[in-house]
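# A structural walkthrough
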Amino acid sequence: MKNFIAMHTFKSAALRDQCFEAMGTMSEQELVAGMTGDKAQCQMSWNDGGNGGMVLACWWKAESKDAIIEQIGEMNAFFDTESHELDNIIDLNQCDNRA
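Read on for an overview of the structure.

## Some thoughts on the pattern of salt bridges
One pass over the structure, following the stated rule, counts two salt bridges. Across the pair Lys11 and Asp80 runs a salt bridge, and its minimum N-O distance is 3.9 Å. Of this pair, Lys11 sits in the loop between strand E1 (2-10) and helix H1 (13-24) while Asp80 sits in strand E4 (residues 79-85), and the two are 69 residues apart along the sequence. A residue is classified by how much of its surface remains accessible, and Lys11, at 45% relative accessible area, is partly exposed.

Put into structure tokens, the structure is as follows:
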């Protein structure tokens with residue numbers, strides 16, 4: 001699987017609010033199940049918790065950009081997704097000079 005950073009941009013403030021409301025009713029297990037499949041698995045997600053921002057950023061391991069869209073499924077109604085394959089990773093926490 002390849003590494004992707006996906007920027008999920010909400011289509012409107014109303015849809016953003018609906019998305020966070022729906023996610024707020026889901027258990028962690030339900031969230032993980034919805035974001036995990038054979039061809040794409042969300043590793044981490046960053047957001048502002050619905051405090052006015054219009055973007056979610058997610059790290060995915062996936063076969064392709066299309067596999068991410070397929071895995072998101074019905075949630076595609078809330079946002080547009082732009083994914084970038086980024087397999088060259090520099091982990092600064094692994095550097096010898098890191099304090």
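Now, onward.
## Considering the packing of aromatic side chains
The full count for this structure, using the stated rule, is two aromatic pairs. With 5.8 Å between their ring centres and 45° between their planes, Phe10 and Phe20 make a pair best called tilted. You can see Phe10 sitting in strand E1 and its partner Phe20 sitting in helix H1, a full 10 residues away along the chain. In this pair, the class of Phe10 matches that of Phe20, namely buried. When the ring of Phe10 is compared with that of Phe79, the centres are 5.7 Å apart and the planes differ by 75°; the resulting orientation is edge-to-face. Here Phe10, found in strand E1, pairs with Phe79, found in strand E4; they are 69 residues apart in sequence, far enough to count as distant. Comparing Phe10 with Phe79 shows no difference in burial state: the two are buried. Three or more aromatic residues joined by ring pairs form one cluster here, namely Phe10, Phe20 and Phe79.

## A look at the nonpolar core
Ranked by internal contacts, the top residues of the largest apolar core, which has 17 residues, are Phe10, Ala40, Trp60, Ile68 and Phe79. Every element with two or more residues in this core is listed here: E1, H1, strand E2 (40-46), strand E3 (55-62) and helix H3 (65-72). Ranked by residues supplied to this core, first place goes to E3 with four residues. Dropping the residues within four chain positions of it, Ile68 is found in contact with Phe4, Ala40, Trp60, Ala62 and Ser83.

## Points about the pairing of E3
Relative to E3, E1 runs antiparallel, the two sharing eight bridges. Paired with Ile5 across the bridge in E3 is Trp59. Across six bridges, E2 lies against E3 in antiparallel orientation. The partner of Met44 across the bridge, within E3, is Trp59.

## Here's the deal with H3
For H3, every residue scored as buried is listed here: Ala67, Ile68, Gln71 and Ile72. Looking straight down H3, one finds that the buried residues subtend no more than 135° of arc, so they occupy a single side. Those residues of H3 that are exposed and aimed more than 90 degrees away from the buried face are Asp66 and Glu70. Buried residues in H3 make contact with E1, helix H2 (28-34), E2, E3 and E4.

Cut-offs and rules
- Residues numbered from 1 in each chain as written.
- Predicted model: local features only at pLDDT ≥ 70, side-chain atom pairs only at ≥ 80, totals over all residues.
- Heavy atoms only, no water.
- Salt bridge = Lys/Arg side-chain N within 4 Å of Asp/Glu carboxyl O.
- Helix = DSSP H or I, 4+ residues; strand = E, 2+ residues; numbered from the N terminus.
- Buried < 20%, exposed > 50% of the residue type's maximum accessible area, 1.4 Å probe, protein only.
- Phe/Tyr/Trp six-rings, centres within 6.5 Å; stacked < 30°, edge-to-face > 60°.
- Core = buried A, V, L, I, M, F, W, Y, C linked by side-chain atoms within 4.5 Å.
- Contact = heavy atoms within 4.5 Å.
- Pairing = 2+ DSSP bridges.
- Arc of directions from axis to C-beta.

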